[in-house]
Every structure is written in C-alpha cells, then in structure tokens.
Amino acid sequence: MGILSWIIFGLIAGILAKWIMPGRDGGGFILTVVLGVVGAVVGGYISTFFGFGRVDGFNFGSFVVAVIGAIVVLFIYRKVRS
C-alpha cells in the first residue's frame with residue numbers, strides 16, 4: 001500500500017480507536033492520525049507474528065487489525081502520559 005493509503009487507513013483506525021476509548025488526550029487531529037498509522041503498523045506486525053494473517057490492503061480483516069492496533073497504541077500512549 002502506498003503511504004497515502006496508510007495515512008488514510010490510519011486516520012480511520014485512529015478515529016475509531018478514539019471513539020471506542022474516549023478520553024482527554026490532547027494533540028487533536030494530528031495525534032489521532034499518527035496513533036492510527038502507528039497502530040495499523042503495530043497491529044499488522046502483531047497479527048503476522050501470531051499467524052492471524054497479513055495486512056494486505058483495504059479489506060475487513062486488515063481494518064479490524066488496524067483498529068485493534070490503534071487501540072493498543074492509544075492505551076500505551078495514555079499509560080506513558082500519566
């Protein structure tokens with residue numbers, strides 16, 4: 001996937017992660033995009049490592065993995081900031 005695709009995919013995953021785990025994080029839109037992109041990458045690595053499959057484009061499985069990764073990254077970000 002191209003870098004623009006990853007940014008769009010990460011933006012959507014980050015928004016959903018913030019919707020699932022609401023809170024006062026600060027940083028706004030840019031932080032949401034960054035956490036979403038990092039979460040999508042982390043989720044892809046974790047799913048590949050555990051054998052759940054690869055993140056290989058815009059499909060439902062990749063989307064679920066990206067959102068779960070974004071939730072994990074958001075959780076870690078909140079723990080580090082507090």
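Residues numbered from 1 in each chain as written. Predicted model: local features only at pLDDT ≥ 70, side-chain atom pairs only at ≥ 80, totals over all residues. Heavy atoms only, no water.

Per an unreviewed UniProt entry, the chain is named GlsB/YeaQ/YmgE family stress response membrane protein, and its organism is Rahnella perminowiae. Quoted verbatim from the Sequence similarities (unreviewed entry) field of UniProt, the annotation for the chain is "Belongs to the UPF0410 family." Quoted straight from UniProt, the Subcellular location (unreviewed entry) entry for the chain says "Cell membrane". (UniProt positions renumbered as here; feature names shortened; annotations may be inferred.)

Engineer: Please clarify how helix H3 (residues 60-81) should be interpreted in this entry.
Structural biologist: Turn by turn, an α-helix covers 3.6 residues, leaving residues three or four places apart pointing in a common direction. Counted at 1.5 Å a residue, the expected span for H3 with its 22 residues is 32 Å, and the 31 Å between its end C-alpha atoms agrees. Buried within H3 are the following residues: Ser62, Val65, Ala66, Val67, Gly69, Ala70, Val73 and Leu74. (Helix = DSSP H or I, 4+ residues; strand = E, 2+ residues; numbered from the N terminus. Expected span 1.5 Å × (residues − 1). Buried < 20%, exposed > 50% of the residue type's maximum accessible area, 1.4 Å probe, protein only.)

Engineer: Help me out: how do you make sense of the packing of aromatic side chains in this one?
Structural biologist: One pair of aromatic rings is described through two measures. These are the centre distance and the angle between the planes. Per the stated rule, a full pass over the model turns up one aromatic pair. Each ring, one from Phe49 and one from Phe50, has its centre 5.2 Å from the other, and the planes form 75°; the classification is edge-to-face. A residue is classified by how much of its surface remains accessible, and Phe49, at 67% relative accessible area, is exposed. (Phe/Tyr/Trp six-rings, centres within 6.5 Å; stacked < 30°, edge-to-face > 60°.)

Engineer: What is the right way to read the nonpolar core from this model?
Structural biologist: Soluble globular proteins: nonpolar side chains tend toward being buried together. Counting twelve residues, the largest nonpolar core consists of Phe9, Ala13, Ala17, Met21, Leu31, Leu35, Ala40, Ala66, Val67, Ala70, Val73 and Leu74. At the level of secondary structure, the elements contributing two or more residues to this core comprise helix H1 (3-20), helix H2 (28-49) and H3. (Core = buried A, V, L, I, M, F, W, Y, C linked by side-chain atoms within 4.5 Å.)

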